[in-house]
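Summary of the model geometry
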Amino acid sequence: MKITKANGKTEYALIDNLKKRNQETDSKIVKRVSAIIKGVKEGGDEAVREYTVRFDGGLPKKTVVEKEELNEYLNQVDEDFKNALENAKRNIFDFHKRQLQQSWMTTQENGIIMGQRVRGLERVGIYVPGGTAAYPSSVLMNAIPAKIAGVKEIIMVTPPGKDGMPNPSIMAAAAIAGVDKVFLIGGAQAVAALAYGTEKVPKVDKIVGPGNIFVATAKRLLYGIVDIDMVAGPSEILIVADKTADPAFLAADLMSQAEHDKMASAILLTTSNDIAKSTLHEIDKQIKNLERREIIRESLDNYGEIIVCEDIEQAIKFANELAPEHLELCITEPLKYIGRIDNAGSVFLGNWSPEPLGDYYAGPNHVLPTSGTARFFSPLSVDSFIKKSSFIYYTCSKLRNAKDDIIKLAQTEGLSAHANSIKVRFE
């Protein structure tokens, strides 16, 4: 991990390097995933079983776990973990319930009525990775907003372990979050089964949740058949720090994201040369005790950097250009700058609001836009699980008042049948 000085060019070259991580998916992977999707669409459950045997080495002991069975997994995890899940659930619920929108209606003179109806999706699918990338926190972050939105049924899919059994931590989180049914299947075949439906797996309206390149590719290819949350890229963190920041904190926070993936990016912008050097020293000191140190080293070597800026203004400008997934402001007056941050998935203010606080506990969602898409995408929320319909009611007299304008607009567009639909009512 190197230290560079911001000069208006060097730091922006870093953005170009980060973009290279998100090149178009390998055509061979697209071809393989397309074949799996086609197979599941045509072959249903039998195709899912065949792909499961081929890719996972065998079938699970049990394919479906019903809602009433999920609570049994609460007995397979320790009490402290269960309490942590319950506390996190409470915070996540409290934050997201404020996002809930209401239907509305307005009436005008002479009987015009218009409005909007807001309701939850009928059925949503949550993909949850298994194995070493098993994240119970993601179950909470995906399921709880869906429950608040009024989704009638939440289906979870997750690959079983080598012993044919699901990860107990994930299943315990599913029980606490209110998941309705779990299918022990994974990979692109699970995504296809959710999108098209099979004899056993119900068709869903939306698929959310992280996965490997095959899962992400399947979600992207099936978008339109079904809605998706986003196609997530590698995890990323950008920290803005002044001379008052603690280098030990900065180093720890940078590595908390670098450990996700060799492709993850961790960048520090600081106004202090001393902080830059001390942070590097702290990284060398702390990394020795971390289990995923090899992943962290590769991530920091390839996609990590410490950039010394002239002032906070320069750092904020760069932050908006990068549009990071996670942005920490480790500066004396972080609230002073919150209104200046236009592009970021989630912002962490001050030295006592580290990124893992948001990953697990505080309440805001940890499913965030990556790869610069925070310029136009938002975090997963209750809004992600609702749909809206508008409605209009006009009286005869009010339509008569508007008819000439409507007919003129329709005729200008060359749509005479549209114009006729209005004319015929007054002939």
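Source: prediction; values computed, not measured. (Residues numbered from 1 in each chain as written. Predicted model: local features only at pLDDT ≥ 70, side-chain atom pairs only at ≥ 80, totals over all residues. Heavy atoms only, no water.)

A closer look at the overall build of the chain
Helices and strands together make up the secondary structure of the chain, namely 15 helices and 15 strands. Considered along the principal axes of its C-alpha atoms, the chain spans approximately 85 × 55 × 45 Å. Carbon and sulfur atoms make up 49% of the accessible area of the chain, which amounts to about 21500 Å² in all. Placing the 53 positive and 56 negative side-chain charges of the chain at their respective mean positions leaves the two points 6 Å apart. (Helix = DSSP H or I, 4+ residues; strand = E, 2+ residues; numbered from the N terminus. Areas by Shrake-Rupley, 256 points an atom, 1.4 Å probe, with all protein chains shown as cover. Lys, Arg positive; Asp, Glu negative; His and termini not counted. Charge placed at Lys NZ, Arg CZ, Asp CG, Glu CD.)

Things to note about the environment of Asp242
The residue Asp242 is located in the loop between strand 10 (236–241) and helix 9 (247–258) in this model. Separated by 35 residues in sequence, Asp242 and Ile207 have C-alpha atoms that sit 41 Å apart. With sequence-adjacent residues up to four places away left out, Asp242 is seen in contact with Thr270, Thr271, Ile275, Ile312, Cys330, Ile331 and Thr332. Of note is the side chain of Asp242, whose polar atom sits 2.5 Å from the side chain of Thr244. (Contact = heavy atoms within 4.5 Å. Polar contact = N/O pair within 3.5 Å; in protein donor to acceptor, adjacent residues only side chain to side chain.)

Side note on helix 4 (residues 79–96)
When the terminal C-alpha atoms of helix 4 are compared, their 26 Å separation across 18 residues agrees well with the 26 Å that a helix rising 1.5 Å per residue should span. Taken as a whole, helix 4 has its buried residues at Lys82, Leu85, Ala88, Ile92 and His96. Down the axis of helix 4, the buried side of the element spans an arc of 130°, and every buried residue falls inside it. Close packing links the buried residues of helix 4 with helix 5 (136–149), helix 6 (168–177) and helix 13 (355–360). N-capping of helix 4 is provided by Asp78, with a side-chain oxygen placed 3.1 Å from the backbone N of Asp80. (Expected span 1.5 Å × (residues − 1). Buried < 20%, exposed > 50% of the residue type's maximum accessible area, 1.4 Å probe, protein only. Arc of directions from axis to C-beta.)

Focus on the pattern of salt bridges
Opposite charge on two side chains permits them to pair, given that their charged atoms come into close proximity. Counting across every chain of the model gives 15 salt bridges. A salt bridge links Lys206 to Asp227, with the nearest nitrogen and oxygen atoms 3.2 Å apart. With Lys206 in strand 8 (residues 206–208) and Asp227 in strand 9 (residues 227–228), this pair connects stretches of sequence that are 21 residues apart. By relative accessible area, which is 6% here, Lys206 ends up buried. Judged by its relative accessible area of 29%, Asp227 falls in the partly exposed class. With a shortest N-O distance of 3.0 Å, Arg297 and Glu294 are connected by a salt bridge. Residue Arg297 and its partner Glu294 are both found in helix 11 (residues 293–303); the two are separated by three residues, about one turn of the helix. The exposure class assigned to Arg297 is partly exposed, which follows from its relative accessible area of 34%. Its relative accessible area of 54% is what places Glu294 among the exposed residues. (Salt bridge = Lys/Arg side-chain N within 4 Å of Asp/Glu carboxyl O.)

So, the packing of aromatic side chains
All told, the structure shown has four aromatic pairs when counted by the stated rule. Considering the side-chain rings of Phe249 and Trp352, the 5.2 Å spacing of their centres and the 70° angle between planes classify their relative orientation as edge-to-face. With a gap of 103 residues between them, Phe249 in helix 9 and Trp352 in the loop between strand 14 (346–349) and helix 13 connect regions that are remote in the sequence. Measuring from centroid to centroid gives 5.0 Å for Phe376 and Phe377, while their planes differ by 65°, and the two rings are edge-to-face. Taking relative accessible area as the criterion, Phe377 reaches 45% and is therefore assigned partly exposed. Sitting over the face of the ring of Phe385, Lys206 holds its NZ or CZ atom 5.8 Å from the ring centroid. (Phe/Tyr/Trp six-rings, centres within 6.5 Å; stacked < 30°, edge-to-face > 60°. Lys NZ or Arg CZ within 6 Å of the ring centre and 35° of its normal.)

Focus on unusual backbone geometry
One non-glycine residue, Ala323, lies in positive phi territory at about 55°. Mapped onto the elements, Ala323 comes out in the loop between helix 12 (312–322) and strand 13 (326–330). Judged by relative accessible area, which is 0%, Ala323 ranks as buried.

With respect to the side chain of Lys82
Inspection of the secondary structure puts Lys82 in helix 4. A relative accessible area of 17% means that Lys82 is categorised as buried. There is a polar contact of 3.4 Å between the side chain of Lys82 and the backbone oxygen of Leu74. Those residues in contact with Lys82 that lie beyond four places of it in its chain are Leu74, Val77 and Ile176.

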